[in-house]
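Survey of secondary and tertiary structure
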Amino acid sequence: MKQRIVVVGNGMVGHKFIDNLVSHADAEKYHVITFSEEPRLAYDRVQLSKYFSGSTAEDLALTTSGYYDEKNVEFILKDKVVDIDFENKEVITASGRREAYDKLILATGSFPFVPPIAGNNGEHCLVYRTIEDLEAITYSAARSKVGVVVGGGLLGLEAAAALKASGLETHVVEFAPRLMAVQLDEGGGKLLRRKIEALGVKIHTQKATTEIVAGTEARYRMNFADGSHLETDMILFSAGIRPQDELARKCGIVMGERGGITIDNNCLTSAKDVYAIGECALWQNRIYGLVAPGYQMAKVAVSHITGGAEQFTGADMSTKLKLLGVDVASIGDAHGNTPGSLSYTYSNDVEEVYKRIIVSADNTKLLGAVLVGEVEAYGTLQQMCVNGMDLPDDPNCLILPSVDGAGMAMGVVALPDTAQICSCFDVTKGAICCAVQNGAGTMGDIKAITKASTGCGGCAVLTKQVMDAELIKLGVEVSNHICEHFPHSRHELADIVRIKKIKTFDELLDGHGHGLGCDICKPATASILAAFWNEYVLDEKHIGLQDTNDIFLGNMQKDGTYSIVPRVAGGEITPEKLIVLGQVAKEYKLYTKITGGQRIDLFGAQLHQLPAIWKVLVDAGFETGHAYGKSLRTVKSCVGSTWCRYGVLDSVSMAITLENRYKGVRAPHKIKFGVSGCTRECAEAQSKDFGVIATENGWNLFVCGNGGMRPRHADLFATGLDDATLIKYIDRVMMFYIRTGDRLQRTSVWLENLEGGLAYLKKVVIEDKLSIAEELEAQMQYNIDQYQCEWKTTIENPERLKRFKHFINSDERDDNLAYVAERGQVRPAFKSERESRIELVELAD
Amino acid sequence: MSEKMWISVCEYQDLLPDTGLCALVNKQQIALFNSRRLNEVFAVSNFDPIGEANVLSRGIIGSIGDEVVVASPLYKQHFNLRTGECLEKPEHTIPVYPVRVEDGLVQVQI
C-alpha cells in the first residue's frame, strides 16, 4: 500500500517538493496528490516580469501535465482545499471532494498585501503575483496612460518594470525613505533611485497614501498624508507579502503572532504528519520570502518523509537581481546590524557604481554587502560570507576596481566542497568538481550534468570559475588553441585576421603559426578570411584551405560523388524553375530529395558533371545554395499573411529578404533561419540559429536555437521590431558570433558558453556596451557587398574548371561507382549488392 | 631487371599549390599533391581504404608533428604522404609512388 502524500498548493515550492519526491530512489512507495486553486500547474514566479517581454505562460511553466501523468502525480486544479479532518486524515475542498492523506504538505504560499486604504478596490487597482494578475495588468495597461506602483521593494520595482514595458508613464510610491529598504543601505538605495529615475520612472519616497478617489485628469487620484497627491489610471499594490495561512489557522494549527505556520527544523507543524514549506511557513519567527529557502524546505520535508536526516536551519537571504536593467545585490547583514561591525565603502558617481562591505569588529570576516550598478563580486562575496571564510589581508580589494584586470578571482579554490554554488538547483562546488573529474570540460557540459546555472543564471561566472579551477587542478591544460600549428583560439585568430587585415593563410602562418597547417586550421582560416573579406574561395590563394565540400562547391557523398543544392530563397520557387531542376535530375540520373530547409537536393553528380549541371542551373536563374559551406544555409518560412488565414505579417517576403541578405556569409558553423508569419510558428523558427516570428506589434527575434544533435529552444532576444531594427540586430549578433565563436561551434553552444549569456549578448547588441555595434554592422555590410555566386564565377573561368574532372589525364570516370535502382531512382549499391553482382544502373555521362 | 619507367601525368602548373589531383596510370588511380612550403610533390594511391572511395586527392594536406599528411575528405583520417601509413588506424597503409617534376611535367613511377 502506497503512502498518500497530499500537497496543498502547486506553486514553485509545492512543485519542488513533488519533483524531489518523485525523483527519490523510493519514489514508488508514494502516491502524490496535489491541489491548486490556480487554473494551471506550477510556473516560475521569479521570472514573472518576462511575461511583459514576450514570454508566455507556457514559457514560464515549471512542469507539464504530461510530466505529472508520467510520474503518476494526481493533480486537481481550480479546487481549493478549505478544511482538514485530522481525525480521519482527510482534506476537504471547496467542491466537497475528500482525499485521504498519510502525510500532508501545506505549500500554500503567500498573497500580496494590499494596504487598508480607502478606495483600494477599484477596477484598475491590481496586484502582481499570478499569471491571472498579469493578464489583468495587461488589460488595464492597454486602457491607461499613467500607472503607479505602491511599494518600492524588490517586487514593486519588478512591477514598475512591467508597467514601463507596457508603455505607461510609471511612478513608484514608497512609504520608507528609500527604495529596497530591506536589502539596501542608504547609499545603495540612493544610487538605485538615481539610475531608475534616469530610465524615466518617477520615484516618490516617504509617501503614505491616505485615500484613493476619482481623479480629474486621470482615472484615480491618490492623496498622501503630507498633503500632496498624484493622479493615475491604474494602481499596482506591491507592498509586501503575507503568508497564505488561512487554512492552517482555521484548523487550529499553531501560528506565529503575525501569521505564518510555525514549523520546526523538519518543517513539521504542530499537527501530526502535517508539514508546511515555502512562504506560508514560519521558522523561528521568520518568513522567508525568497524561492531558494522554500526549495530548501521542500528538500527537508522530502528527506523527513523518506527517512533522511536533513534539517532546515535557516537560509541565506542574499539576493542578486536586475531591476529595470539595474544590477543590484544584497548579501548577509547588509545594514551592519551586527554589534561592532565595520564597513568599507566604494562609491563612484561617474560610473554609477556603489559597493559596501560589512566586516566583523576584528576585521577578519565578511558579514554582508550591498552592491549597486556592478555586481560581479557577488558570487565571491556571498560564498565568503556564507562559508565564514577569512577576509583577504586588504579587504579593499573586494570592492575597489581592479587595476590590472586580475580582480578578485581568488576564492573558489578556498571554497569548501559543500559550498552551494547554484541556489536554484542546489548544486554544490563538490558536484561541479565531480562533473569535471568525470570529463565535463565546458559550461555546456556542466549545465547538462549538474543543472548548475540553468535557473536564474546568477551563478554562471562562479560556476565557470569553479570548473576552470578544477580543470587546472586536474592538470587538464585548459588550452583553447585551435590546433598544433597556432597557439591561438579561433576567436583570437579571427581578431588577428581582422585587426591586422590579413588576407591569406600563408601570411597568418608566417606571422603567427608554424608547420604546414592542417585540416583543422586551414578550413577555419578559410572561414575567417571569407567572413571578413569574402573573396572567391577557389582563388589560388585560398583553394588549398577549403574543406571537402567547399573545394568543389558541392556536398561530397559517401562514394565521392556530390549532391547539388541550388538556393531556393525562403522556400519559394516558380514552376519554371522546378521544371528545370526536374530536367537536370532526369538528364544526369540524379537522386532527388526535398531537404529540411525547403530546397531540393540532387544527389550522385560526378565531379566532371558539376560544371555542366551548374551551367544549366545558372542560366535558369539559380544561384549556389552554399549547402556545402559553414555559412548561411536556408531561411525556412511559412506562407504568412499573403495566403494564410492566420498570417499576421508577410513571412515569405521577410525570409527572402533575409536569405538574400546573408546568403554565402561564412561563419564558425552553418547558420539556419526560420521566419513564421504568426505565433503558430509553422516555420519552426525557434529551433533555428535565428528565428523570426510575426506578432501584431512587429517581429519577435529569437536567437541561438538548434535542432539536430543537441536540440535547443531559441531564446527570445527582442520583441516588436520593425524590419530595419530586426535586420540591424541580426547583423550584429551574427557578426559577433563570427568574431567570437569557436571552430565548428553552433550558435546554441556559443551562447551557452558566452560569459554573461543572453543578458550579455543583449547588452552588446542592443545597448552597445562594447561600442562595436556600428563596426559589426559595417563589417556585415562589407561582406554582403562582396557577395558573388561562386558557381557563376567558376563556370565562367575555364582555368578553374580544369580541376573538375576525376582524372587530370583522362576522360574516364571513377570505375568504383556503382548504383542500383530503388523506388524509381538511383542509390549507391551496398557492398553486399556489389558482391552479389546485382544489376547496376548505367550512369549518365 | 628493367628499370621502372617515369610516366608523365600532367603539367606541374595544373597542380595548384597545396592542392591535389588524381591521375590514371596503368589503370591505377594516383593522388598527386603539391606542397608549396616544402616545394615538394607527393604521389599516393587515391583510394581511401576506410571510406572505401577514390577521393584522397581531394583532401587537405598539412603536417601533424613532423609528418606530412593528407586528411581524407570523407572521415578525416590522416595518411602519411611519405610512408602511406594511416595515423589513426595504422593497420591501414596506402601505396606511395616515386614522383618528380621534369621539364614542367609531373612524372610518377609505377
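Being a predicted model, the structure only gives us computed values, none of them experimental.

Here we take up the sheet that holds strand 12 (residues 202-204) of chain A. Strand pairing in a sheet relies on backbone hydrogen bonds, with the paired strands running either antiparallel or parallel. Residue and element names in this part refer to chain A. Reading across from one edge, 9-16-10-11-12 is the order of the five strands in this open sheet, with parallel pairing throughout. Every interior strand has two partners, whereas the edge strands, strand 9 (125-127) and strand 12, have only one. Direction aside, neighbouring strands of the sheet carry axes that sit 25° apart on average. Pairing between strand 9 and strand 16 (residues 234-237): three bridges, direction parallel. Opposite Val-127, over in strand 16, you have Phe-237 as the bridge partner. Sheet strands touched by helix 5 (residues 154-165): strand 10 (146-150), strand 11 (169-173) and strand 16. Its angle to strand 10, the strand with the most contacts, is close to 170°.

This part takes up the packing of helix 19 (residues 723-740) of chain A against helix 22 (residues 773-785) of chain A. Residues and elements named next belong to chain A. As a packed pair, helix 19 and helix 22 sit with axes 8 Å apart at the nearest point and diverge in direction by 90°. By the angle class used here, helix 19 and helix 22 are roughly perpendicular. Residues Lys-728, Asp-731, Arg-732, Met-734, Met-735, Phe-736 and Arg-739 of helix 19 pack against Ala-773, Glu-775, Leu-776, Glu-777, Gln-779 and Met-780 of helix 22. For the contact of helix 19 with helix 22, the residue count by class is six nonpolar, one polar and six charged.

Attention now goes to the domain arrangement of chain A. Domain boundaries in chain A define domain 1 (3-110 + 243-305), domain 2 (125-239), domain 3 (490-514 + 522-551) and domain 4 (631-798). The centre of domain 1 of chain A, based on its C-alpha atoms, is set 42 Å off from the matching centre of domain 4 of chain A.

Here we come to the interface of chain B and chain A. Counting residues at the interface gives 38 residues for chain B, matched by 41 residues for chain A. For the chain B face of the interface with chain A, the top three residues by lost area are Arg37(B), Arg58(B) and Ile60(B), together amounting to 25%. Linking chain B with chain A are six salt bridges. Taking the shortest distance from any N to any O, the salt bridge between Asp506(A) and Arg37(B) comes out at 3.3 Å. Linking chain B with chain A are 22 residue pairs in polar contact (both at pLDDT 80 or more). If you list the elements that add at least two residues to the side of chain B that touches chain A, you get strand 1 (6-11), strand 2 (20-25), strand 3 (28-35), strand 6 (53-54), strand 7 (60-64) and strand 8 (67-71) of chain B. Taken together, the residues that form the side of chain B that touches chain A break down as 20 nonpolar, 11 polar and seven charged.

What follows deals with the sheet that holds strand 7 of chain B. Residues and elements named next belong to chain B. On the basis of which strands lie adjacent, the open sheet formed by three strands has the order 7-8-9 and antiparallel pairing. On the outer flanks of this sheet lie strand 7 and strand 9 (78-80), each paired with one strand and no other. Pairwise comparison of adjacent strand axes, ignoring direction, gives a mean angle of 40° for this sheet. Note: strand 7 against strand 8, five bridges, orientation antiparallel. When the sheet's bridge partners are listed, Ile-64 is paired in strand 8 with Glu-67.

Turning our eyes to something else, we now look at the environment of Arg490(A). All names here are of chain A. Note that Arg-490 resides in helix 13 (residues 490-499). Judged by its relative accessible area of 2%, Arg-490 is buried. A C-alpha to C-alpha distance of 5.5 Å links Arg-490 and Asp-742, two positions 252 residues apart in sequence. Those residues in contact with Arg-490 that lie beyond four places of it in its chain are Ile-482, Ser-527, Ile-528, Pro-668, Ile-738, Arg-739, Gly-741, Asp-742 and Arg-743. Looking at Arg-490, its side chain comes within polar contact range of the main-chain oxygen of Gly-741, at 3.1 Å.

Time to look at helix 11 (residues 443-450) of chain A. Residues and elements named next belong to chain A. Every buried residue of helix 11 is accounted for by Met-443, Gly-444, Ile-446, Lys-447 and Thr-450. Buried residues of helix 11 fall within an arc of 165° about the axis and therefore sit on the same side. In helix 11, the exposed positions angled more than 90 degrees off the buried face are occupied by Ala-448 and Ile-449. If you follow the buried residues of helix 11, they end up packed against strand 28 (427-428), helix 10 (429-437), helix 12 (460-473) and helix 20 (747-753). For helix 11, the side-chain oxygen to backbone nitrogen distance between the N-cap and Asp-445 is 3.0 Å, and the N-cap itself is Thr-442.

Residues and elements named next belong to chain A. Summarising the sheet, strand 38 (residues 819-822) and strand 39 (residues 825-828) pair through four bridges and their orientation is antiparallel. Among the inter-strand pairings, Ala-821 is bridged to a residue of strand 39, identified as Val-826. Where strand 38 hands over to strand 39, the hairpin turn is made up of two residues, of which Arg-823 adopts a positive phi near 45°.

Glancing now at the nonpolar core. All names here are of chain A. Counting residues in hydrophobic clusters, the biggest one holds 62 residues, and the most contacted among them are Leu-658, Tyr-662, Phe-673, Leu-701, Ile-730 and Leu-761. Sort the elements by how many residues they give to this core and helix 19 lands first, with 10 residues. The two domains that each donate at least three residues to this core are domain 3 (490-514 + 522-551) and domain 4 (631-798). The contact partners of Ile-730, leaving out residues within four places of it in the chain, are Leu-658, Tyr-662, Phe-673, Phe-690, Val-692 and Leu-701. Val-13, Phe-17, Leu-247 and Ala-315 belong to the second-largest nonpolar core, a separate cluster that totals 53 residues.

Moving on: the state of the cysteines. Taken as a whole and assessed by the stated rule, the structure comprises zero disulfides over all chains. The closest cysteine sulfur to the non-disulfide-bonded Cys10(B) is located on Cys22(B), 10 Å from its own sulfur. The class for Cys10(B) is buried, based on a relative accessible area of 6%. Cys86(B) forms no disulfide, and the closest cysteine sulfur to it belongs to Cys518(A), at a distance of 15 Å. Since its relative accessible area comes to 0%, Cys86(B) is described here as buried.

Definitions and limits used
For every chain, the first residue of its written sequence is number 1, and the numbers climb from 1 along that sequence. Chains carry letters from A onward and ligands carry numbers from 1 onward, assigned in written order. A pLDDT threshold of at least 70 governs which residues receive local features in this predicted model, and a stricter bar of 80 or more applies before side-chain atom pairs are shown or counted, although totals over entire chains, interfaces and linings include all residues. No hydrogens and no water enter the side-chain calculation; it runs on all heavy atoms of the structure. Strand pairing is assigned whenever DSSP identifies at least 2 bridges connecting the two strands. Numbering of helices and strands runs from the N terminus, with a helix taken as a DSSP run of H or I at least four residues long and a strand as a DSSP run of E at least two residues long. The convention used is that axes are lines fitted to C-alpha atoms, helices contributing only their stretch in contact, and that angles between N-to-C directions extend from 0 to 180 degrees. Contacts: residue pairs with any heavy atoms within 4.5 Å of one another. Oblique is the label for any angle not under 35 degrees, not over 145, and not in the 65 to 115 range, which are roughly parallel, roughly antiparallel and roughly perpendicular in turn. Throughout this entry, Asp, Glu, Lys and Arg are counted as charged residues, while Ala, Val, Leu, Ile, Met, Phe, Trp, Tyr, Cys and Pro are counted as nonpolar. The remaining residues, Gly among them, count as polar. Per the annotation, domain bounds derive from an automatic or database assignment of domains. As used here, buried area is the combined drop in accessible area, with a 1.4 Å probe, of two parts when they are placed together. Counted as salt bridges are all cases of a side-chain nitrogen of Lys or Arg within 4 Å of a carboxyl oxygen of Asp or Glu. Pairs of N or O atoms are called polar contacts if they sit within 3.5 Å, as long as, within protein, a hydrogen donor faces a hydrogen acceptor (for residues adjacent in sequence, only side-chain-to-side-chain pairs). Per-residue accessibility, obtained with a 1.4 Å probe over protein chains only, is compared with the maximum for each type, and a residue is labelled buried under 20%, exposed over 50%, and partly exposed between these values. Within this analysis, the arc is defined by the directions that extend from the helix axis to the C-beta atoms. Think of a nonpolar core as a cluster: buried Ala, Val, Leu, Ile, Met, Phe, Trp, Tyr and Cys residues, connected wherever their side-chain atoms sit within 4.5 Å. Note on terminology: pairs of cysteine sulfur atoms within 2.5 Å are recorded as disulfides.

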